[in-house]
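Here is what each chain is made of, one letter per residue.
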Amino acid sequence: MANEPGQIAKAENQFQQLITVSENDPKRLQLAYEVHRSNRNALFRSQICQKGFCEWNEDDILSKVLEAEKGLTDYVDPRHNLAFWARPPQHIRDLVYKIQQEIGTLIGPGLWLVPPHHLHMTTLEIRSALRGPEIDEITSSLKMSGVVAELANYTLTHRARLVKPVISYDTSAIALSFVPAAGEEDISDYSGKHDQFTYHHLRSDLYNIVTESGCPIAARYTVPSAHITIARFIAPGGPKEIKPDSPEEFEKKKFQLIDRIEDLNHELRSNMWRRLGDPSQGQWVIGHEKGLELIKGRSWYGLGDSIVLGEGFV
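Since this is a predicted model, take the numbers as computed values, not measurements. (Residues numbered from 1 in each chain as written. Predicted model: local features only at pLDDT ≥ 70, side-chain atom pairs only at ≥ 80, totals over all residues. Heavy atoms only, no water.)

**Quick notes on the confidence of the model for the chain**
Here's step 1: The predicted model of the chain averages 92 in pLDDT, with 92% of residues at 70 or higher.
Here's step 2: For residues 1-6, every residue scores under 50 in pLDDT, and the model assigns this stretch seven contacts once sequence neighbours within four places are set aside. (pLDDT = per-residue confidence, 0-100. Contact = heavy atoms within 4.5 Å.)

Okay, structure coming up:
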């Protein structure tokens, strides 16, 4: 029998699969996250820097949303989503801001810098790109199961630490990505001993609780990634008489951007930050300042309807 709209079959926990393959070893889990982001950056650096690359993968929907916010159109994003987010604490938002200032002027109006109150990390995506009534129905079912408060406050008793931020990028967006801690020096009293409970364990636990409540999950991806999107490429706005970049100008700007990102990443990986503050500010214990947030609705770019926000710690 076919599933009803918005319904899917229960799938195996892919987060647990990686934990099993890594033999529950935080160092091997961290390595999986590091290999994924390093390989991805190398792939897109090669693609962007090749001679034939002459156009960013612009987010047309975001461009339309921004025009509507200015009152220029009546466009409404048709995609509704449901997910648990981790909102970054102030010191991570400050780090993002410094990075945005370093890269923001290199492309011009074709690069949208994510505002501070939009910043988020998708810890568990439940559904995406459905109609509003479908998401409302799934949300109501999840709330009736009685697990929403437990999930939002899960980080009060299950401390997971992220470390080693670097800038990740592709042809459509730029992000600040982290890896799960694996015994690095802890500058706080927040996390558990020896980082045995990692960010990946947190994601796996949330997955189990949600699915066991009777709410199947259909995430777009469950790759080993812990990232905050900090910028997206969009169609440049402004007066129509402003001409697009010439091929020569585009070539110059793309190399300037990639070189700046690689230079910043060299600094982020070092123990001496010249432009970005103190390296100790690269640590993020999930739940610091705010617990997890269940968000539904038109949330693709960092806003949406907040269903519940968990209690944080200071």
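**Comments concerning the pattern of salt bridges**
Here's step 1: Taken as a whole and judged by the stated rule, the model has 19 salt bridges.
Here's step 2: The shortest N-O distance in the salt bridge between E34 and R37 comes to 2.8 Å. A residue pair is termed a helical-turn pair when its members lie 3 or 4 positions apart in one helix, as E34 and R37 do in helix 2 (residues 26-49) at three residues.
Here's step 3: When its relative accessible area of 18% is taken as the criterion, E34 is described as buried.
Here's step 4: In this structure R37 comes out as buried when scored by relative accessible area, which is 5%. (Salt bridge = Lys/Arg side-chain N within 4 Å of Asp/Glu carboxyl O. Helix = DSSP H or I, 4+ residues; strand = E, 2+ residues; numbered from the N terminus. Buried < 20%, exposed > 50% of the residue type's maximum accessible area, 1.4 Å probe, protein only.)

**Some words on the packing of helix 4 (residues 90-107) against helix 8 (residues 247-268)**
Here's step 1: Running from amino to carboxyl end, helix 4 crosses helix 8 at an angle of 160 degrees, the nearest separation of the two axes being 8 Å. With respect to helix 8, the element helix 4 is oriented roughly antiparallel. Crossing geometry of helix 4 relative to helix 8 is assigned as right-handed. Residue-level contacts link L95, I99, E102, I103, L106 and I107 of helix 4 to K253, Q256, L257, R260, I261, L264 and L268 of helix 8. (Axes fitted to C-alpha atoms, helices over the stretch in contact; angles between N-to-C directions. Parallel < 35°, antiparallel > 145°, perpendicular 65-115°, else oblique. Left-handed = near helix turned anticlockwise from the far one by under 90°.)

**Re the sheet that holds strand 8 (residues 290-297)**
Here's step 1: As summarised here, the arrangement of the four strands in space is 3-1-8-9, forming an open sheet in which the pairing is antiparallel. What marks the edges here is a single partner per strand, and that holds for strand 3 (121-130) and strand 9 (305-311). This sheet shows a mean twist of 5 degrees between the axes of neighbouring strands, independent of strand direction.
Here's step 2: In terms of strand pairing, strand 1 (residues 80-86) meets strand 8 through five bridges, oriented antiparallel. Bridge assignment links L82 to a residue of strand 8, and that residue is K296. (Pairing = 2+ DSSP bridges.)

**A look at the environment of P279**
Here's step 1: With respect to the helices and strands, the residue P279 is situated in the loop between helix 8 and strand 7 (284-285).
Here's step 2: Distance from P279 to V96, taken between C-alpha atoms, is 13 Å for residues 183 residues apart in sequence.
Here's step 3: When near neighbours in sequence (up to four residues on either side) are disregarded, P279 contacts N271, M272 and W273.

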